[in-house]
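# An overview of the molecular structure
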Amino acid sequence: MQTCRACGNVQYYPRGVCAACWSAEVEWTPSRGRGRVYTFTVTHRTQARGFRDELPYVLAWIELDEGVQVMSNIVGVDAAKVTIGCR
């Protein structure tokens, strides 16, 4: 994600300027990688070779603790136990 050095705004997707103050002083900052599930889907079948061994897998829209939203897969959790709002 990006953080604006001028106003402190955090943003994702990447842009050349801050979406809040239009400053060009944006820099990449790492996320802690924690947040809440906003919405998700569980995939039980796929023809994609790279994902066949991972079934079922969860694709989720996640609101990170830093305030930005990203799409990611959820790993290390039983797919049947994922719910909207879970951490």
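Up top is the structure.
Residues numbered from 1 in each chain as written. Predicted model: local features only at pLDDT ≥ 70, side-chain atom pairs only at ≥ 80, totals over all residues. Heavy atoms only, no water.

The strand order across the open sheet built from three strands is E2-E1-E3, with neighbouring strands paired in antiparallel fashion. Because the sheet does not close on itself, it has two edges, and the strands there are strand E2 (10-11) and strand E3 (26-28). (Pairing = 2+ DSSP bridges. Helix = DSSP H or I, 4+ residues; strand = E, 2+ residues; numbered from the N terminus.)

A contiguous nonpolar patch, built from Tyr38, Leu59, Trp61 and Met71 and spanning about 410 Å² of accessible area, is present on the exposed surface. Assignment of secondary structure puts Trp61 in strand E5 (residues 57-64). Using a relative accessible area of 31% as the deciding quantity, one classes Trp61 as partly exposed. (Patch = residues over 30% accessible without salt bridge, like charges linked within 9 Å, V, L, I, M, F, W, Y side chains within 5 Å. Areas by Shrake-Rupley, 256 points an atom, 1.4 Å probe, with all protein chains shown as cover. Salt bridge = Lys/Arg side-chain N within 4 Å of Asp/Glu carboxyl O. Buried < 20%, exposed > 50% of the residue type's maximum accessible area, 1.4 Å probe, protein only.)

On to the pattern of salt bridges, then. Tallying each qualifying case throughout the model produces three salt bridges. The shortest N-O distance in the salt bridge between Arg5 and Glu27 comes to 3.3 Å. Placement of the pair is Arg5 in the loop between strand E1 (2-4) and E2 and Glu27 in strand E3, with a sequence separation of 22 residues. The partner of Asp65 in a salt bridge is Arg87, with the nearest N and O atoms 2.8 Å apart. Here Arg87 lies in the segment after strand E6 (69-74) and Asp65 lies in the loop between E5 and E6, a separation of 22 residues in the sequence. Here Arg87 falls in the exposed class, since its relative accessible area comes to 53%.

Turning our eyes to something else, we now look at unusual backbone geometry. The peptide bond linking Leu55 to Pro56 adopts the cis configuration, its omega dihedral lying at -15°. The residue Pro56 is located in the loop between strand E4 (35-43) and E5 in this model. With a phi close to 70°, Trp22 is a non-glycine residue in the positive phi region. Within the secondary structure, Trp22 sits in the loop between E2 and E3.

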